[in-house]
Amino acid sequence: MTRTFKIERPDERLRPAIQDKIDNLNKPKGSLGVLEELAMQVCLIQQTLTPSLAHPCHLLLGGDHGIEREGVSVSPREVTWQQMINFTRGGGGVNMFCRQHGFKLHIVDVGVDYDFLSEKGKVKSEKFATATLPIIDRKIARGTRNFLYEPAMTEEEFDKAIEVGISLVDDCIAEGCRVLCIGEMGIGNTSPSSIWMSLFCNIPLDECIGAGAGLDSPGICHKREVLAKAVERFRLLPPLGEVGRGLLSYFGGFEMIAAIGAMLRAAEQHLIILVDGFIMTACALAACRLYPEAQSYMVFGHCGDESGHRRMLDAMGAKPLLSLGLRLGEGTGALCAFPILDSAVRMINEMNNFDNGNITKYF
């Protein structure tokens, strides 16, 4: 990887003071459970006793996948660009939750197989012409190559995708962002996620493959056959560059590599990273294989309904906040978990302590 990151675990010297403040809030010791653990994590990330979730931002990254041509998804590839346009008009699940929780939504084309703008720079679709939100153009190519036969992307494209993620986070930081959520839109992206999970965690591939957007049993069997052939061919190749990088670039999507770059930059800049479902957990897994310290900055929003998600979370030692059976993607599960994070921050900032409340401390 051309870009290197300086990511350090949060300084632990503030931990006793944070714990003392939490323990002296007017409640039984430990009685707010996970909220206390979250408050500790956020305070350590921000190195303060009065944390803030100012200007939360959500990156919605879009990209298409060559492997989709092999029939590994029930949804056709045009759904990617159609949904991206839908997001610009405020009609997606991600739009609803961003509005509900006060996130600024950034819709980004990293590698969608569609030209949103014509050669004259005007919108190509009449529906897109009514957009209320822009699509940020960071397109690297119109989708990745088919990794059943060749690497999904070149080394140069991989580096570009990492840089896209970095630049997007820097833009959010310039706006005052302290908490970052990342989602994806890309038909077929459960396939590279399953392969990353299998190879990074040494879990049999069959146990990592699920229905994606809704494959039936024959569809899942076909998906397993295709992905198994792709992995077999990958294993026969000589080592591809740096450890980890070759695996990521061979199978990954542009939106997924950009998400990894965004996570690593966010960790480097001490932002709180809200991690979404199966695909974004696979990206978080990859980021942490490259830089293990990055996981200290991650809050795992939920355990989704995709086969293998729980096992991947367990492999990372991650405890998700929610388990709602979600498998929509877009970052929706992480956004749903945000109020719990908000409650943890409000707890440590707004609850009274025993002294100020004139309450006897009985422990």
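Refer to the structure presented above.
First, a word on scope: everything that follows refers to the structure included in this document. If you're wondering where the values come from, they're calculated on a predicted model, not measured in any experiment.

**Re the overall build of the chain**
Point 1. From N to C terminus, the chain includes 12 helices and 6 strands.
Point 2. A compact globule built from 363 residues would reach a C-alpha radius of gyration of about 21 Å, and the chain, at 21 Å, matches this within 12%.
Point 3. On the principal axes, the C-alpha backbone points of the chain span a range of 70 × 45 × 40 Å.
Point 4. Expressed as a percentage of the 363 residues in the chain, the buried residues total 55%.
Point 5. Counting only contacts in the chain whose residues sit at least 6 apart along the sequence, the fraction spanning at least 24 positions is 78%.
Point 6. When the accessible area of the chain is evaluated, it comes to approximately 15,300 Å², of which 50% is carbon and sulfur surface.
Point 7. Here the chain contributes 37 positively and 44 negatively charged side chains, and the mean placements of these two sets differ by 2 Å.

**A word on the pairing of strand β5 (residues 272–275)**
Point 1. The alternating pattern of β5 places Ile-272 and Leu-274 and Ile-273 and Val-275 on opposite faces, both of which are buried.
Point 2. Where β5 and strand β6 (residues 298–300) come together, 3 bridges link them in parallel fashion. By the bridge assignment for β6, Leu-274 is matched with Val-299.
Point 3. Running through helix α10 (residues 278–290), the crossover from β5 to the neighbouring parallel element β6 is right-handed.

**Structural notes on the environment of Arg-265**
Point 1. The topology assignment puts Arg-265 in helix α9 (residues 254–268).
Point 2. For the pair Arg-265 and Leu-168, spaced 97 residues apart in the sequence, the C-alpha separation amounts to 9.4 Å.
Point 3. Once you skip the residues sitting within four places of it in the chain, Arg-265 turns out to touch Phe-5, Ile-166, Val-169 and Asp-170.

**Some points on the state of the cysteines**
In a disulfide, the sulfur atoms of two cysteines are held together by a covalent bond.
Point 1. Evaluated as defined, the whole model comprises 0 disulfides.
Point 2. Looking at the unpaired Cys-43, the closest cysteine sulfur is the one in Cys-177, lying at 17 Å.
Point 3. You can call Cys-43 buried: its relative accessible area is 0%.

**Topic: the sheet that holds strand β2 (residues 104–111)**
Point 1. Here we have 6 strands laid out as an open sheet, ordered β3-β2-β1-β4-β5-β6, and parallel in their pairing. Two strands bound the open sheet, and with one partner strand each, they are β3 (135–137) and β6. Along the sheet, successive strands turn relative to each other by an average axial angle of 30 degrees, direction set aside.

**Focus: the pattern of salt bridges**
Point 1. Under the defined criterion, the tally for this structure stands at 23 salt bridges.
Point 2. Measuring nitrogen to oxygen at the nearest pair gives 2.5 Å for the salt bridge that ties Arg-13 to Asp-11.
Point 3. When its relative accessible area of 28% is taken as the criterion, Asp-11 is described as partly exposed.
Point 4. With its nearest N and O atoms 3.2 Å apart, the salt bridge here joins Lys-319 to Glu-37.

Rules of the game
Residues numbered from 1 in each chain as written. Predicted model: local features only at pLDDT ≥ 70, side-chain atom pairs only at ≥ 80, totals over all residues. Heavy atoms only, no water. Helix = DSSP H or I, 4+ residues; strand = E, 2+ residues; numbered from the N terminus. Rg over C-alpha atoms; globule rule 2.2 N^0.38 Å. Buried < 20%, exposed > 50% of the residue type's maximum accessible area, 1.4 Å probe, protein only. Contact = heavy atoms within 4.5 Å. Areas by Shrake-Rupley, 256 points an atom, 1.4 Å probe, with all protein chains shown as cover. Lys, Arg positive; Asp, Glu negative; His and termini not counted. Charge placed at Lys NZ, Arg CZ, Asp CG, Glu CD. Pairing = 2+ DSSP bridges. Right-handed = clockwise from strand over helix to strand, strands pointing away. Disulfide = S-S within 2.5 Å. Axes fitted to C-alpha atoms, helices over the stretch in contact; angles between N-to-C directions. Salt bridge = Lys/Arg side-chain N within 4 Å of Asp/Glu carboxyl O.

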